[in-house]
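For reference, the chains in residue letters:
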Amino acid sequence: SMRTHSTPVKSAGHAGDGLASMRTHSTPVKSAGHSTEGVAALRGHSPSSVSSSQTVRAHATQTMSTTSGSSEPMFFDPSIDQPVQVETEAAPKEDAGEYWLPWHIDSNFVTVLHKEMYADEKTTEFVPEPEGAGLLIMNADGDVTKLRTRDDAVILQMGAFAQIYAGGYVNAARHAVVSPRPPGVARFNFCNFWYVPWETACTAPAGTEHAAVSTGWNAMMDESYLNITQKQGFAAFREFMTAPEARVQFADSVQFKELAELFPLPGKRLNLASNSSEIVVDVLTDVRCPFSFVSQLNLDAALKNLGLDQNVTIRYHPVFLNPNVPKEGENLDDYLLREYGYTKEYAHSESYPLRVMGLEAGVELNPSRRVVNTFDAFVLIEAASEAGRQHEVVKALSQRYFEGAEDISDVAVLCAAAEDAGLSGQDAKGWISDPARRARVLAEFQTVSSRIGEVPHFLVRERISGNGVEVGGKKSVEEWESALESVLEKSSVIGKTIPGPYGQDVRLSECVPYSPISMALSAQHGFEPGSWPFDASDFSRNDESPDDYMYTEPRLVNHLDDTSLARLTEAYRSVFSMVPQGFSVLDMCSSWNSHYPQELLEGARVAVHGLNQRELWANGQATERHVQDVNADAKLPWEDNSFDFVTMALSIQYMTDPRAIFSEMHRVLKPGGMVVIAHSHRVFIDKAVKAFAQETYDGEGHTHTICRYFQHGPQGGWEKLSTADVSPRHGDPMWLVTAVKA
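Calculation notes
- Residues numbered from 1 in each chain as written.
- Predicted model: local features only at pLDDT ≥ 70, side-chain atom pairs only at ≥ 80, totals over all residues.
- Heavy atoms only, no water.
- Helix = DSSP H or I, 4+ residues; strand = E, 2+ residues; numbered from the N terminus.
- Buried < 20%, exposed > 50% of the residue type's maximum accessible area, 1.4 Å probe, protein only.
- Contact = heavy atoms within 4.5 Å.
- Core = buried A, V, L, I, M, F, W, Y, C linked by side-chain atoms within 4.5 Å.
- Phe/Tyr/Trp six-rings, centres within 6.5 Å; stacked < 30°, edge-to-face > 60°.
- Lys NZ or Arg CZ within 6 Å of the ring centre and 35° of its normal.
- Expected span 1.5 Å × (residues − 1).
- Polar contact = N/O pair within 3.5 Å; in protein donor to acceptor, adjacent residues only side chain to side chain.
- Pairing = 2+ DSSP bridges.
- Axes fitted to C-alpha atoms, helices over the stretch in contact; angles between N-to-C directions.
- Parallel < 35°, antiparallel > 145°, perpendicular 65-115°, else oblique.
- Left-handed = near helix turned anticlockwise from the far one by under 90°.
- Nonpolar A, V, L, I, M, F, W, Y, C, P; charged D, E, K, R; others polar.
- Salt bridge = Lys/Arg side-chain N within 4 Å of Asp/Glu carboxyl O.
- Arc of directions from axis to C-beta.

**Focus: the overall build of the protein**
(1) Moving on: In terms of helices and strands, the protein carries 22 helices and 28 strands.
(2) Moving on: Counting all 742 residues of the protein, 53% fall into the buried class.
(3) Moving on: Contacts in the protein between residues at least 24 apart in sequence constitute 76% of all its contacts with a sequence separation of at least 6.

Right under this line is the structure:
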């Protein structure tokens, strides 16, 4: 019998090549092997065919390991651009073209489908299948073939659950859909997806766990599929298939995902227009690496050429070439002669490759510089981030080191560089000696260096979507422009316009429009239940004691991570900016922080309402406060038509009489005013009503529930209902449901 679970077994899709890293290649090629191709390769584009053995230029500097257990360094930083032989796997020669549906394995048991059909969009007449279109199937060796079958055939395509439940005796189908449709031609087919009961655990027969999952470069399903429920597998699969990166066909390596989680994206910069694309560049390097210096100069030029120099945030993370360089350092000429046999005459000559490389970037690299320890320099760089001057400090250090041949391990030089960047030299001296700061730099180095073996390494992302590319080694201005343009492509599928207050439209620039939450209403094509779809049991709770008992003591904490709360603040900013300053807003079920954008609150009336008086008095944005348990008494103390906005963040799951509460919000809101309900997946489970507590992670289902609250509280009282997913790429979900008072 199938084993079932009433609660989730584990989170799905965060290991290896599992659900969270399904391939989205635009050509079915085998990996050339990141460890051998060098980080000079640019990841995130359509992989191109590579010969099985070729000579490449090594533009990356390999770093020394501090964990090998040996006193000898594993790698040294080469100071010249020299050819090396790289062995790679041969890639298939055929380019399959652009995918309508990327490479994946269905999470279900079996899919029943027939051959796709094509029709003229104007006449609806059937037309021949376009050249190159169809369903592609891949085997474990990476061989790809197009499915060729009769028009009247029914196809059974096995899913991940079938393979695992059968212990590997049944193979799930790796597949993709290619659809180079000419203009005016529509593609359609019948698909019937068969799932086992939602709570059935995806468990392999004892002893077959290894055979039940797939391994290798194109596995597409690994042990992260095991011991999760069918519903968890479906939820993770759907999240992937509706993500923007799946639609624009970018391939994120596992390392990209790991680094992206390691370096969360910052919030929106207030000095940028709402429709501006923002680029975030994380530079993993040693500040004395010449390849990094030149590549950053070219990056600066590319950013300026594309008009992005004011729209970029650049952050730096330490990966020391050799953390054990002695304090006195070493003469570079002696180092090059000992390690590479390069004479001083050659290293100082006009034809020396590093000199030529620098001149091409507009700088003259000083050959008299020394090999120095850069730990203190990175302590200063870390401190500069707090003042928003990291990039300026790195530029100052680089100029002093590479052009002036100054010793950037010397505290006096570091203080002078801080002053060059507009910081206090005296403050810099204290920062450099701060034990806590030094410990943070060491910890970050140990974390980053365990993932990166070569420098420089760049993580380039579009801030809103979190999508982007990895770039390694020295890159020309043209190569940087190409990389940046590929990242900008991501921003074209982000953002959604919703109806706002008083007949205006609101642009939510951070919304993921293809999320199931964002599409919740459109997917139902206007369906609305004619009667209240809940009964009393849906609003029962494990703990039925009065709510004020639980909130006797204040909770001055945030219940979601900072990145997600920043998304909420940005959504409020977009909404509030639609009306003149001096607006009125009621924050229902509030606490010590309403998460409103402070710069828009001048002259505003901010009424906060909640259960704990001390929490409300700690709310610095409030102009008036009211303590009330709306589950005990839903009647609000304000007059009719009092507010331009009503908000409720992260509390909707506790409402035991939502129709009464929504009717009261409707009463105190001005006609044309707007309500914003924000919800997520975290709850105090004993206090959450059954409709939410049963499936805390079901964002789409809860979104529909909130829509029903609006549609029946009061019935006909609300219009322009909208849903939006403004969740960050890495962080807690942030889901919105909005409506306007009719």
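Next comes the rest of the account.
**Concerning the nonpolar core**
Soluble globular proteins tend to bury their nonpolar side chains together.
(1) Moving on: Of all hydrophobic cores here, the largest spans 74 residues; its most connected members are Val281, Leu397 and Val460.
(2) Moving on: The leading source of residues in this core is helix H11 (residues 375-386), at seven residues.
(3) Moving on: Every residue in contact with valine 460, bar those within four places of it in the chain, is listed here: Phe256, Ile279, Val280, Val281, Asn467, Gly468, Val469, Val471, Trp480, Leu484 and Val487.

**Overview of the packing of aromatic side chains**
(1) Moving on: Within the structure shown, the criterion is met by 33 aromatic pairs.
(2) Moving on: Here the aromatic rings of tyrosine 195 and tryptophan 198 are separated by 5.6 Å at their centres, their planes lie at 45°, and the arrangement is tilted.
(3) Moving on: A relative accessible area of 28% places tyrosine 195 in the partly exposed class.
(4) Moving on: Judged by relative accessible area, which is 36%, tryptophan 198 ranks as partly exposed.
(5) Moving on: Plain terms: the ring middles of tyrosine 401 and phenylalanine 402 are 4.9 Å apart, the flat faces sit at 75° to each other, and that makes the pair edge-to-face. The burial state of tyrosine 401 is the same as that of phenylalanine 402; both residues are buried.
(6) Moving on: One Lys or Arg, arginine 555, reaches over the ring of tyrosine 551 and ends 5.4 Å from the middle of that ring.
(7) Moving on: When the ring centre of phenylalanine 684 is taken as origin, the NZ or CZ atom of arginine 555, which lies over that ring, is 5.0 Å away.

**A few points about unusual backbone geometry**
(1) Moving on: Between valine 455 and the following residue, proline 456, the backbone shows a cis peptide bond with an omega angle of 0°.
(2) Moving on: Tracing the backbone through its elements, the reader meets proline 456 in the loop between strand S17 (454-455) and strand S18 (457-462).
(3) Moving on: Going from glycine 713 to proline 714, the amide bond is cis rather than trans, its omega being -10°.
(4) Moving on: With respect to the element layout, proline 714 can be found in the loop between helix H22 (699-711) and strand S27 (718-725).

**Some remarks on helix H18 (residues 562-576)**
(1) Moving on: Look at H18: 21 Å from first C-alpha to last across 15 residues, which is about the 21 Å you get at 1.5 Å a residue.
(2) Moving on: For H18, the complete set of buried residues consists of Ser564, Leu565, Arg567, Leu568, Thr569, Glu570, Ala571, Tyr572, Arg573, Ser574, Val575 and Phe576.
(3) Moving on: Buried residues along H18 sit against strand S21 (505-508), strand S22 (584-588), strand S25 (643-649), strand S26 (669-679) and strand S28 (735-741).
(4) Moving on: Its side-chain oxygen at 3.1 Å from the backbone nitrogen of threonine 563, aspartate 561 defines the N-terminal cap of H18.

**Description of the pairing of S25**
(1) Moving on: Burial analysis of S25 places seven of its seven residues in the buried class, the great majority of the element.
(2) Moving on: Note that S22 and S25 share four bridges and pair parallel. Along S25, the bridge assignment pairs aspartate 587 with threonine 647.
(3) Moving on: Inspection of the sheet shows S25 paired to S26 by six bridges, in the parallel sense. Along S26, the bridge assignment pairs alanine 649 with alanine 678.

**A few points about the packing of H11 against helix H14 (residues 425-433)**
(1) Moving on: Contact geometry of H11 with H14 gives a least axis separation of 9 Å together with a crossing angle of 115°. Taken together, the axes of H11 and H14 lie roughly perpendicular to each other. The hand of the H11/H14 crossing is right-handed. Touching Asp376, Val379, Leu380 and Ala383 of H11 are Ala428, Trp431 and Ile432, all from H14.
(2) Moving on: Of the residues contributing to the contact of H11 with H14, the split by class is six nonpolar, no polar and one charged.

**Observations concerning the sheet that holds S27**
Backbone hydrogen bonds hold the strands of a sheet together, and the pairing may be parallel or antiparallel.
(1) Moving on: An order of S24-S23-S22-S25-S26-S28-S27 is seen for the seven strands of this open sheet, with the pairing classed as mixed. Of all strands in the sheet, those with a lone pairing partner are strand S24 (624-627) and S27, marking the two edges. Averaged over all neighbouring strand pairs, the angle between strand axes comes to 15°, with direction disregarded.
(2) Moving on: Examined bridge by bridge, S26 and S28 share six bridges and lie antiparallel to one another. Counted as the bridge partner of methionine 674 is valine 740 from S28.
(3) Moving on: Relative to S25, H18 is tilted by about 165°, and along the sheet it contacts S22, S25, S26 and S28.
(4) Moving on: The sheet contacts of helix H20 (residues 658-668) involve S22, S25, S26, S27 and S28, and relative to S26 the element is tilted by about 140°.

**Some words on the sheet that holds strand S19 (residues 468-472)**
(1) Moving on: The strand order S14-S13-S18-S19 describes an open sheet built from four strands, whose pairing is mixed. Two strands lie at the open edges of the sheet, namely strand S14 (312-318) and S19, each paired on one side alone. Direction aside, neighbouring strands of the sheet carry axes that sit 15° apart on average.
(2) Moving on: Bridge analysis of S18 against S19 gives five bridges, and the strand direction is antiparallel. Residue pairing across strands places valine 460 opposite valine 469, the latter belonging to S19.
(3) Moving on: Helix H15 (residues 435-449) rests against strand S13 (279-285) and S14 of the sheet, and its axis sits at about 90° to S14.

**Some details on the environment of asparagine 324**
(1) Moving on: Tracing the sequence through the fold places asparagine 324 in the loop between S14 and strand S15 (330-331).
(2) Moving on: Each C-alpha atom, one on asparagine 324 and one on asparagine 373, is 7.4 Å from the other, the two residues being 49 residues apart in sequence.

**Quick notes on the packing of helix H7 (residues 290-305) against helix H12 (residues 390-403)**
(1) Moving on: Interhelical geometry of H7 versus H12 gives an angle of 125° and a closest axis separation of 11 Å. Put simply, H7 runs oblique to H12. The interaxial crossing formed by H7 with H12 has left-handed handedness. Note on element contacts: H12 touches H7 through His391, Val394, Ser398, Phe402 and Glu403, opposite Pro290, Phe293, Gln296 and Asp300.
(2) Moving on: Residues belonging to the contact of H7 with H12 are distributed by class as follows: four nonpolar, three polar and two charged.

**What to know about the pattern of salt bridges**
(1) Moving on: All chains considered together, the criterion is met by 35 salt bridges.
(2) Moving on: Between glutamate 570 and arginine 573 there is a salt bridge whose closest N-O contact spans 2.6 Å. Here glutamate 570 pairs with arginine 573, and both are found in helix H18, just three residues apart, close to one helical turn. Each of the two residues, glutamate 570 as well as arginine 573, counts as buried.
(3) Moving on: A salt bridge links lysine 670 to aspartate 644; its shortest N-O distance comes to 3.4 Å. On the criterion of sequence distance, the pair formed by lysine 670 in strand S26 and aspartate 644 in strand S25 is long-range, its members being 26 residues apart.
(4) Moving on: Residue classification places lysine 670 among the partly exposed positions, given a relative accessible area of 27%.

**With respect to helix H10 (residues 353-360)**
(1) Moving on: Along H10, the residues classified as buried are Leu354, Arg355, Met357 and Gly358. Considered in projection along H10, the buried side chains sweep an arc of 160° and stay on one side of the axis.
(2) Moving on: Contact partners of the buried residues in H10: H7.
(3) Moving on: Trailing H10 by a residue or two, glycine 362 shows a phi angle of about 95°, which is positive.

**Description of the environment of serine 515**
(1) Moving on: By the secondary structure assignment, serine 515 is in the loop between S21 and helix H17 (547-550).
(2) Moving on: The exposure class of serine 515 is buried, given its relative accessible area of 4%.
(3) Moving on: In the structure, serine 515 is positioned 212 residues away from serine 727 in sequence and 9.7 Å away in space, judged by C-alpha atoms.

So, to be careful, I would describe these as geometric facts and stop short of saying anything about function.
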